[in-house]
Amino acid sequence: MPDQTPAPSAHPASGHRASSPPPASSMPPTGAHSVPGGAGPAERAVVVDLAAIRHNVATLRSWVQPAALMAVVKADAYGHGMIPVAQAALQAGATWLGVAHVTEALSLRSAGITAPVVAWLHTRSTPFGRAIEEGIDLGVSGWELEAIAESARRLQQPARVHLKVDTGLGRNGATLADWPTVTARAATLQEQGLIRVVGVFSHLAVADDLDREEETDEQLAQFHQAVEIARGAGLHVDVRHLANTPATLVRPETHLDLVRVGLGIYGLSPFDRRPASDFGLRPAMSLTTTVANSKTVPAGQGISYGYLYRTPEPTRLALVPLGYGDGIPRTAMEAPVWIGGRRAEVTGRIAMDQFVVDLGTEEDVAPVGSPVELFGPASGITADDWARAARTINYEIVTRVGARIPKVHVDTRPGEDIGSPTGEGR
Ligand SMILES: *Cc1c(COP(=O)(O)O)cnc(C)c1O
């Protein structure tokens, strides 16, 4: 393994939970990460490789050029740690950041990040005034226009706005029926110097399903129509954005001026049938710990709550100190786990703090302290494997993980900032 150097870290004043301890000085081949100060493997760690983030951003960026790339870092960067991920993405060529909430955008600003940031999900309690003061772009579906104009009037400073049209997802965005009214009102507020319309955007519903191209075609056609209507209302629509990760990977005609990529920058694939490696993307997150207890039990031993499993013969069991309190889905029974150098499976119910792994009949395997990897490069087990076991999607696996698990940001290739676009993605 190459040496690691300190990763870009959170601004000390940010108070953001994602701030990491200094990275390990070396990465043992076991995949276990050392606690700073050399106290041995970390008890539990979400390890995020910023070199993988940079590689993924650079790879995607080279595919979408001349379109720009927005790194979507909402929800603590899908569990990867918002500040270090945002910094790595910007280093590798992302020129925009995207989040759901203004509060998330304010955390980016507190960390000293000055790049354009768009926040697109608001309530009447959203601090629009703070957003305007901090130069945060606001996604707007309709009702927000008046609240934002009100704040802008008070501050004597125009708000930067991206108008959102609903082209079929049925969530946020103005309906096509309301769109002429919304764009006309935006043009009026712009003439009054209260807002500046920077762009128009929409969100796709089924781009991750490779068998449903027509519905995406329909959304794209409606989007073009909406842009024409906005221009007819006298707005300059400089930044048109529609593509999420799946559309970025397989629908180049959706790239337009800017793509909004979340999952892809974390090195995961949104498709059932095409793994991330098809596109030259590398998973950035691994989840590691060590065995907390290890023992041989007799035949007939019930395991965990509800006794869903009983050992058929004398069996070696290992206890793993991660549970649903750490974001491990309780439904992920039979998920694969790499433990003490071998692949095994979750056995019985996953509890709040822990789960049990059946190691078979061999004596003395995986003693206390043995490294465990739930997913990551040492094992080759992926978030997709866990998603399948839990009957969910890889997005949810990585995003849920971690509220109670320390994040460790490492950099396996310090200084590298250009990925080689090896995929034949489209
Ligand atoms: C979360 C989100 C994205 C990113 O989606 P991915 O599939 O993870 O790339 C893009 N746009 C909007 C509006 C989102 O909410």
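About the thresholds
- The residue numbers shown here count from 1 along each chain, following its written sequence.
- Local features in this predicted model are restricted to residues of pLDDT 70 or higher, and side-chain atom pairs are both shown and tallied only at a pLDDT of 80 or more, whereas totals for entire chains, interfaces and linings draw on every residue.
- Just so you know, side-chain values use all the structure's heavy atoms and leave hydrogens and water out.
- When we say a residue is near a molecule or strand, we mean one of its heavy atoms is within 4 Å of it.
- Polar contacts here mean pairs of N or O atoms no more than 3.5 Å apart (in protein, one a potential hydrogen donor and the other a potential acceptor; neighbouring residues in sequence count only if both atoms are side-chain atoms).
- All accessibility values rest on the Shrake-Rupley procedure with a 1.4 Å probe; residue burial counts only the protein chains present in the view.
- Numbering of helices and strands runs from the N terminus, with a helix taken as a DSSP run of H or I at least four residues long and a strand as a DSSP run of E at least two residues long.
- Charged residues are taken to be Asp, Glu, Lys and Arg, nonpolar residues to be Ala, Val, Leu, Ile, Met, Phe, Trp, Tyr, Cys and Pro, and polar residues to be all remaining types, Gly included.
- All axes are obtained by fitting lines to C-alpha atoms, using only the stretch in contact for helices, and the reported angles, taken between N-to-C directions, cover 0 to 180 degrees.
- If an angle is under 35 degrees, it is roughly parallel; if it is over 145, roughly antiparallel; if it lies from 65 to 115, roughly perpendicular; otherwise it is oblique.
- We call two residues in contact when some of their heavy atoms are within 4.5 Å.
- Only buried Ala, Val, Leu, Ile, Met, Phe, Trp, Tyr and Cys residues count toward a nonpolar core, and they belong to the same one when joined by side-chain atoms within 4.5 Å.
- Each residue is assigned to one of three classes by its accessible area relative to the maximum for its type, calculated with a 1.4 Å probe on protein chains only: buried under 20%, partly exposed between the two thresholds, exposed over 50%.
- Residue ranges assigned to each domain were obtained from an automatic or database domain assignment.
- UniProt positions are given in the numbering used here, feature names are shortened, and annotations may be inferred rather than shown by experiment.
- Should a side-chain nitrogen of Lys or Arg be within 4 Å of a carboxyl oxygen of Asp or Glu, the pair is scored as a salt bridge.
- What a helix should span is 1.5 Å times the count of its residues minus one.
- Stacked, tilted and edge-to-face are the three classes applied to pairs of Phe, Tyr and Trp rings, where Trp contributes its six-membered ring and a pair requires centres within 6.5 Å; stacked means planes under 30 degrees apart, edge-to-face means over 60, and tilted covers the rest.
- Charge-over-ring contacts are defined here by two conditions on Lys NZ or Arg CZ: a distance within 6 Å of the ring centre and an angle within 35 degrees of the ring normal.

> Looking at this structure, how should I read the site of the ligand?
Looking at the ligand, there are 13 residues lining it, with K74, Y78, T245, R260 and Y395 nearest. Here K74 contributes a side-chain N or O atom positioned 2.6 Å from an oxygen atom of the ligand. Summarising the interface, the protein chains cover 95% of the accessible area of the ligand, which totals 390 Å² for the free molecule. The set of elements that each furnish at least two residues to the shell around the ligand consists of α2 (74–78), α9 (245–250) and β9 (258–261). In terms of residue class, the shell around the ligand is made up of seven nonpolar, four polar and two charged.

> Sorry, what's going on with the packing of helix α6 (residues 144–155) against helix α7 (residues 179–191) here?
Two quantities define a packed helix pair, namely the angle between the axes and the distance from one axis to the other. It is at 11 Å that the axes of α6 and α7 come closest, and there the two elements cross at 10°. One element, α6, and the other, α7, form an angle in the roughly parallel class. Together, L145, E146 and A149 of α6 and V182, R185, A186 and L189 of α7 make up the contact between the two elements. Within the contact of α6 with α7, the residues separate by chemical class into five nonpolar, no polar and two charged.

> What should I look at first to understand the nonpolar core in this one?
Formed by 128 residues in total, the largest nonpolar core has its most connected members in V73, I339 and W386. A per-element tally of this core places helix α1 (residues 50–64) first, with seven residues. Each of two domains, domain 1 (24–47 + 284–410) and domain 2 (66–267), supplies a minimum of three residues to this core. Setting aside residues no more than four positions away along its own chain, V73 makes contact with M82, V85, A86, L97, G98, V99, L108 and Y266.

> Before we go on, may I ask you to explain the UniProt feature "active site" (unreviewed entry) in the protein chain in this structure?
In this structure's numbering, the residues bearing the UniProt feature "active site" (unreviewed entry) are K74 and Y305. Apart from the residues lying within four places of it in its own chain, the contact partners of K74 are G98, V99, A100, E104 and W120. The topology assignment puts Y305 in the loop between β12 (302–303) and β13 (309–310). Leaving out residues up to four positions away in the same chain, Y305 has contacts with R349 and A351.

> Teacher, can you tell me more about the pattern of salt bridges here?
Side chains that differ in sign of charge can pair as their charged atoms come close. For the structure shown, the criterion picks out 21 salt bridges. Between R240 and D257 there is a salt bridge, and its shortest N-O distance comes to 2.8 Å. Taken together, the residues R240 in strand β8 (residues 239–241) and D257 in the loop between α9 and β9 connect sequence positions 17 residues apart. Through salt bridges with shared partners, a single network forms among R44, D326, D353 and R404.

> In this structure, what is going on with the UniProt feature "modified residue: N6-(pyridoxal phosphate)lysine" (unreviewed entry) in the protein chain? I would like to understand it.
As recorded in UniProt, the feature "modified residue: N6-(pyridoxal phosphate)lysine" (unreviewed entry) lies at K74. Overall, K74 belongs to the partly exposed group, its relative accessible area being 26%.

> Even after reading the chapter, I still don't get α1, so can you show me in this structure?
For an α-helix, the turn length of 3.6 residues means that residues three or four places apart are oriented alike. Counted at 1.5 Å a residue, the expected span for α1 with its 15 residues is 21 Å, and the 21 Å between its end C-alpha atoms agrees. The element α1 is extensively covered by neighbouring structure, given that 13 of its 15 residues are classed as buried. The N-terminus of α1 is capped by D49, whose side-chain oxygen sits 2.9 Å from the backbone nitrogen of A51.

> Help me understand the packing of aromatic side chains, please; the structure alone is not making it clear to me.
For any pair of aromatic rings, geometry is given as the distance between the ring centres together with the angle between the planes. For the coordinates displayed, the defined rule picks out seven aromatic pairs. Here Y78 and Y395 contribute two aromatic rings whose centre-to-centre distance is 6.2 Å and whose plane-to-plane angle is 35°, an arrangement assigned as tilted. Here Y78, found in helix α2, pairs with Y395, found in helix α11 (residues 394–400); they are 317 residues apart in sequence, far enough to count as distant. For Y78, a relative accessible area of 8% translates into the label buried. Between W120 and F201 the ring centres are 6.5 Å apart and the planes differ by 45°, which places this aromatic pair in the tilted class. Here F201 lies in strand β7 (residues 195–201) and W120 lies in the loop between β4 (117–119) and α5 (128–133), a separation of 81 residues in the sequence. Residue W120 is classed as buried on the basis of its relative accessible area, which comes to 12%. Among the aromatic residues, those joined into a cluster by ring pairs are W63, F271 and F279. Over the ring of W120 we find R260, and its NZ or CZ is 6.0 Å from the ring centre. In this structure, R310 is placed above the aromatic ring of Y307, and the distance from its NZ or CZ to the ring centre is 4.4 Å.

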